[in-house]
Amino acid sequence: MDHQGVIVVTGAGSGIGRATAQTFLQAGWNVALAGRRVEPLEESALGAENAIVHACDVGDAASVAGLFSAVVAKWGRVDVLFNNAGVSAPAAAIDEIDVDRWLDVCRTNITGSFLCARAAFAVMRVQAPMGGRIINNGSISAHVPRPGSAPYTMSKHAVTGLTRTLGLDGRAYNIACGQIDIGNALTDMARSFPQGAKQADGSVKAEATMDVMHVARAVLQMAQLPLDVNVPFMTLMARDMPYIGRG
């Protein structure tokens, strides 16, 4: 099989990361699956010969450097980073949110996105041929919040700032940067939505969800574009979720 390229997927042990990694493997890409624990990464990789698994804490600079060094040692380059690893916090008013929980969200969603993008950028700007693509996992929360979601919502607005900046700074190095903002993909994070989610008016209502494979295929579509073409922002959501209009 002629491999399409090399992609690093963070948070590849479950949910969107797992579905995306498997989709790229099936499409013939070389895939580095990164996450905190090796066992779920190995489950995601399904023993594929074009996969490597690497335990990585995206919030730790040395751990991220080790990940990208391993990928370059194995395959010689990085064509795509799917900056996917992320965590959330339980819904609460801001004065009820534990400061350590806030810092944990920031460490993964903001610092982790920064460190992985930084490492990928450093490889992409010097490899031959030069360039690559960074795809950040944003969220509907990068546009509108859910009730009681200050840490997560703030972190995803920060990801949007990273996307916009890298989309500009990457031009000189043939590096494209885009973001996919996802609404109600049926992962563990959204597992309760069909039973009910808290709405802006305080009520609890069932919400529509979508299969996570739609996200994986959309990321693949973004990755397959030539580097002089970019999707800066894609919103992909369950059609009937309360986002467009008043829900």
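The paragraphs below set out a description of the structure included in this document.

Conventions used here
- Residues numbered from 1 in each chain as written.
- Predicted model: local features only at pLDDT ≥ 70, side-chain atom pairs only at ≥ 80, totals over all residues.
- Heavy atoms only, no water.
- Helix = DSSP H or I, 4+ residues; strand = E, 2+ residues; numbered from the N terminus.
- Rg over C-alpha atoms; globule rule 2.2 N^0.38 Å.
- Contact = heavy atoms within 4.5 Å.
- Lys, Arg positive; Asp, Glu negative; His and termini not counted.
- Charge placed at Lys NZ, Arg CZ, Asp CG, Glu CD.
- Expected span 1.5 Å × (residues − 1).
- Buried < 20%, exposed > 50% of the residue type's maximum accessible area, 1.4 Å probe, protein only.
- Arc of directions from axis to C-beta.
- Axes fitted to C-alpha atoms, helices over the stretch in contact; angles between N-to-C directions.
- Left-handed = near helix turned anticlockwise from the far one by under 90°.

**Observations concerning the overall build of the protein**
Next up, step 1: Across its full length, the protein holds six helices and nine strands.
Next up, step 2: Against the compact-globule benchmark of 18 Å for 247 residues, the protein has a radius of gyration of 18 Å, which places it among compact chains.
Next up, step 3: Sequence-distant contacts, at least 24 apart, represent 66% of the contacts inside the protein between residues at least 6 apart.
Next up, step 4: Computing the positive centroid from 20 side-chain charges and the negative centroid from 21, the protein places the two 5 Å apart.

**Observations concerning helix H3 (residues 61-75)**
Given 3.6 residues per turn, any residue in an α-helix points the same way as the ones three and four places further on.
Next up, step 1: The end-to-end C-alpha separation of H3 is 21 Å, in line with the 21 Å expected for 15 residues at 1.5 Å each.
Next up, step 2: Along H3, the positions that sit buried rather than exposed are Ser 63, Val 64, Leu 67, Phe 68, Val 71 and Trp 75. All buried residues of H3 project into a common sector of 130° when viewed along the axis, lining one side. The outward face of H3, more than 90 degrees from its buried face, is lined by the exposed residues Ala 62 and Ala 73.
Next up, step 3: Residues of H3 that are buried make contact with strand E1 (6-10), strand E2 (30-35), strand E3 (51-55), strand E4 (80-83) and helix H4 (99-124).
Next up, step 4: Gly 76 sits one or two positions beyond H3 and adopts a positive phi of about 85°.

**Notes on the packing of H3 against H4**
Next up, step 1: Two elements in contact, H3 and H4, have axes whose closest approach is 9 Å; the angle formed by their N-to-C orientations is 35°. Crossing hand, H3 versus H4: right-handed. Judged by residue contacts, Ala 61, Val 64, Phe 68 and Val 72 of H3 engage Leu 115, Cys 116, Ala 119, Ala 120 and Val 123 from H4.

Remember, this is a structural readout, not a statement about activity or role.
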